[in-house]
Amino acid sequence: MKTTGVIIGIIIIGIIGCYSAIIAQDDATPLPRPTTAGSPVGAPDSEHTAPPDVKTPSADTPAIEIKPNPNIAAFPFKVGVVNIAEVFDKYSKTKEYERILQKEKEREELLINEIKMKIKKLREEIDVLSLGSELYREKSEESAKEQARYEYRAKTWNEHIKNKVNEQTLKLYKEIRETITKYAVDNGYTFIFKSDPTLSSTPQGDDVTQQISIRTVLYAPRETDITEDIIKILNK
């Protein structure tokens, strides 16, 4: 009976020993790396360097051809482009403002020319007067005043014109932008971009660099151009 108990104990100890050995072997065996679809089992991921026997692509390796994305048309975007320079040029209010400005310019030039003629006449009178005489002094002072008046008038006129042009341009741009916004909303557009006039065929100096740097749209299909539609709405 005692012998039987000893034998059973030895068998139990043997089973426990075998089980422990199996567990130890499983812990020592590395788990396989997860692989992505189409990747070979055991392939290194992007965080590891390639094994010595694997060559990395060289600079001479031909680039992979990228095919057009067939799903691009499924994106819920409607895009249009507008040539703002053309809109300004063909907007009837722009032409009307240019006519008003031209008339104002002609009136101012007439006044400035009158001042110039007066200065010229005074200088001619001074030339025949005796140096140091009372009349010489009076005419010289009058000529100096007219010269100052001429310079002030010319300077303030240039500033006046510059400010007026900026003010009117901003007013017209606001009207154009409001028209484009309403057109976009009414016709379901997501974006309207400003397109650019054609590059000059004979640029000079830094003109070509400037023309390239300010371009905002490099390509747009003809059917996305809504410039003519905007011009027609503005000129109604």
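Residues numbered from 1 in each chain as written. Predicted model: local features only at pLDDT ≥ 70, side-chain atom pairs only at ≥ 80, totals over all residues. Heavy atoms only, no water.

Caption draft 1: Quick look at the packing of helix α4 (residues 134-186) against helix α6 (residues 227-234). Direction vectors running N to C along α4 and α6 enclose 115°, while the axes themselves pass 10 Å from each other. By the angle between their directions, the pair α4 and α6 is classed as roughly perpendicular. Remark: the crossing between α4 and α6 carries right-handed chirality. For the pair α4 and α6, contact is made by Glu 175, Ile 176, Thr 179, Ile 180 and Tyr 183 and by Asp 229, Ile 230, Ile 233 and Leu 234, respectively. Here the contact of α4 with α6 is built from residues that sort into six nonpolar, one polar and two charged. (Axes fitted to C-alpha atoms, helices over the stretch in contact; angles between N-to-C directions. Helix = DSSP H or I, 4+ residues; strand = E, 2+ residues; numbered from the N terminus. Parallel < 35°, antiparallel > 145°, perpendicular 65-115°, else oblique. Left-handed = near helix turned anticlockwise from the far one by under 90°. Contact = heavy atoms within 4.5 Å. Nonpolar A, V, L, I, M, F, W, Y, C, P; charged D, E, K, R; others polar.)

Caption draft 2: Here's a closer look at the confidence of the model for the protein chain. Confidence in the prediction for the protein chain averages 75 pLDDT; 64% of positions are at 70 or higher. The secondary-structure element of the protein chain with the lowest mean pLDDT is helix α1 (residues 2-28), recorded at 44, while α6 shows the highest, at 95. Contacts from residues 1-54, a stretch scored under 50 in pLDDT, to residues over four places away or in other chains number nine contacts. (pLDDT = per-residue confidence, 0-100.)

Caption draft 3: Just the side chain of Glu 146, in detail. Mapped onto the elements, Glu 146 comes out in helix α4. When sequence neighbours within four positions are dropped, the list of residues in contact with Glu 146 reads Ile 115, Lys 118, Ile 119 and Leu 122.

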